[in-house]
Amino acid sequence: MRRVQQLGPYSLLYRIASGGMAEIYRARVWSLEGDQDVAIKRLLPVYNSDDEFIVMLTDEARITRLFDHPNIARVFEFGLYDNQYFLVMEFIDGQDLRALLKRLNDRGMTLSVGDAIYIVAHALLGLHAAHCQKDGDGRPLDVIHRDFTPSNILLGYDGAVKLVDFGIAKDRLSRSRTQAGFIKGKIKYMSPEQTRSSTLDGRSDVFAAGVVLYRCITGQLPFDEKDDDRLIDAVRERAPTPPSYLCDEIDGAFDTLLYRALAKDRDDRFDSAADFSDALLAWSARAGVLVDASSISKLLCEVFSAEREDAARLQAGVIFDADPTPTSERQSYTRLVGVDDPYPRTLTGFEAVTESRHISGKKRGGNTEPGGTDSEL
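Residues numbered from 1 in each chain as written. Predicted model: local features only at pLDDT ≥ 70, side-chain atom pairs only at ≥ 80, totals over all residues. Heavy atoms only, no water.

(A) Structural detail: the overall build of the protein. In terms of regular secondary structure, the protein is built from 13 helices and 13 strands. Looking at the protein as a whole, 53% of its 377 residues are labelled buried. (Helix = DSSP H or I, 4+ residues; strand = E, 2+ residues; numbered from the N terminus. Buried < 20%, exposed > 50% of the residue type's maximum accessible area, 1.4 Å probe, protein only.)

(B) Quick peek at unusual backbone geometry. Unlike most non-glycine residues, Asn83 shows phi in positive territory, near 60 degrees. Secondary-structure assignment places Asn83 in the loop between strand E6 (75-81) and strand E7 (84-90). Non-glycine residue Ser197 carries a positive phi angle of around 55 degrees. Turning to its location among the elements, Ser197 is positioned in the loop between helix H4 (192-195) and helix H5 (202-218).

(C) Main features of the packing of aromatic side chains. Taken as a whole and judged by the stated rule, the model has five aromatic pairs. A ring pair is formed by Tyr10 and Phe86, whose centres lie 6.0 Å apart and whose planes are at 75 degrees; its orientation type is edge-to-face. Of this pair, Tyr10 sits in strand E3 (residues 10-18) while Phe86 sits in strand E7, placing them 76 residues apart in sequence. Directly above the aromatic system of Tyr157 lies the positively charged group of Arg308, at a separation of 4.6 Å from the ring centroid. (Phe/Tyr/Trp six-rings, centres within 6.5 Å; stacked < 30°, edge-to-face > 60°. Lys NZ or Arg CZ within 6 Å of the ring centre and 35° of its normal.)

(D) Here's a closer look at helix H1 (residues 51-64). Between its terminal C-alpha atoms H1 stretches 20 Å, which fits the 20 Å expected from 14 residues at 1.5 Å a residue. Counting buried positions along H1 yields 12 of 14 residues, so the element is predominantly enclosed. When H1 is considered as a whole, its buried residues turn out to be Phe53, Ile54, Val55, Met56, Leu57, Thr58, Asp59, Glu60, Ala61, Arg62, Ile63 and Thr64. (Expected span 1.5 Å × (residues − 1).)

(E) Just the sheet that holds strand E9 (residues 153-156), in detail. The three strands lie next to each other as E8-E9-E10, forming an open sheet whose pairing is antiparallel. Where the open sheet ends on each side, the last strands, each with one partner, are strand E8 (94-96) and strand E10 (161-163). Here the average twist between neighbouring strands, direction ignored, is 25 degrees. Across three bridges, the pairing between E8 and E9 is antiparallel. (Pairing = 2+ DSSP bridges. Axes fitted to C-alpha atoms, helices over the stretch in contact; angles between N-to-C directions.)

(F) Here's a closer look at the pattern of salt bridges. The tally for this structure, following the rule as stated, stands at 19 salt bridges. Between Glu193 and Arg269 there is a salt bridge, and its shortest N-O distance comes to 2.8 Å. Here Glu193, found in helix H4, pairs with Arg269, found in the loop between helix H8 (252-261) and helix H9 (273-287); they are 76 residues apart in sequence, far enough to count as distant. When its relative accessible area of 7% is taken as the criterion, Glu193 is described as buried. (Salt bridge = Lys/Arg side-chain N within 4 Å of Asp/Glu carboxyl O.)

(G) Structural view of the pairing of E7. Burial within E7 is extensive, with six of its seven residues counted as buried. Both E6 and E7 contribute to a ladder of six bridges, which runs antiparallel. Pairing of Phe78 across the sheet is with Leu87, part of E7. Taken together, E6 and the strand that follows it, E7, pair antiparallel across an intervening segment of two residues, in which Asp82 is found at a positive phi of about 55 degrees.

(H) Broad picture of the nonpolar core. In this structure, Leu97, Leu100, Leu111, Ile153, Phe276 and Leu280 are the most contacted members of the largest nonpolar core, which totals 65 residues. The element that contributes the greatest number of residues to this core is helix H3 (residues 113-131), accounting for 11 residues. When near neighbours in sequence (up to four residues on either side) are disregarded, Leu97 contacts Leu111, Ile119, Pro150, Ile153, Leu155, Val212 and Cys216. Ala39, Ile54, Ala61 and Leu80 belong to the second largest nonpolar core, which has 17 residues in total. (Core = buried A, V, L, I, M, F, W, Y, C linked by side-chain atoms within 4.5 Å. Contact = heavy atoms within 4.5 Å.)

(I) Local environment of the side chain of Arg28. Counting through the fold element by element, Arg28 comes out in strand E4 (residues 22-29). One polar contact links Arg28 to Asp37, side chain to side chain, over a distance of 2.7 Å. (Polar contact = N/O pair within 3.5 Å; in protein donor to acceptor, adjacent residues only side chain to side chain.)

All we've got here are geometric facts, nothing functional implied.
Here's what the structure looks like:
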């Protein structure tokens, strides 16, 4: 048994994952409506004073909290407590696609064609919703994810598919800027235009979705070189091996469909993520391939049974305070971006980050929580 750690009003149950710049926790928050489990993404200490990373996380919150789509994990708020920045997100009880592909590979298996289509088709619908998102005034935000990869597609044990991590996404109002000649993202999943740091539109994410689908279907990447320069050349110039050569369950029509998504010239690709999703589902209907949430649910529950048992033990082994109502100390945190304000515009860029470091625990204009503050970023 162990006592939970508090982060503002949130009780951290256990750590889900740790990456290069942040760690993810399953957490619980209490309200008048009852308790709710959420995911907390907080910066690692080495990045907690890095303005660039803070702005990136703030941009992620400002962009994603506007989304309301079943295939995008919701973001509730971005806050600061005890000099710790963190993002509060919808908790998805499951695994990411990268973990599933690795587990299957370790067992000498690949996803079935139906499961691969189900995952990518639904993730594409989330992408389309992001691409079409508008601000509070009805103006297009021109969101581009730029990091559509297996690690950013969450799969629920109930069969849900959720797109996450818009940390390097671009929209019309993003403050973080990419330096000239510097590429953000994973090259193996980049479109040719992204490797050139060109201006992007939604068709760049369509290309990335094609790479993800190719990997799901064949068990390998369409472009895979150890040297980055050679890899970039392959992405820009080389046609991948037809997937039907590597998977007996698909045909030439599927090759044509996937090649369209992976076209070097974006004008030759599907016009939208939704069009790509529709094409995948139409092919599966013609081919008699079952595309079903229950199949993904069954697969995940089977291959991650040990992880589910471990999570249940961790959750059962925590001790909460006798009174779960947050104390005044837990409430003394600053909500930098929250669900109450449709789209804050008062501060921009590094000025906003600098300002946020002087307002923790101090009352500012606008709505405030008892004992804490709400501020605009």
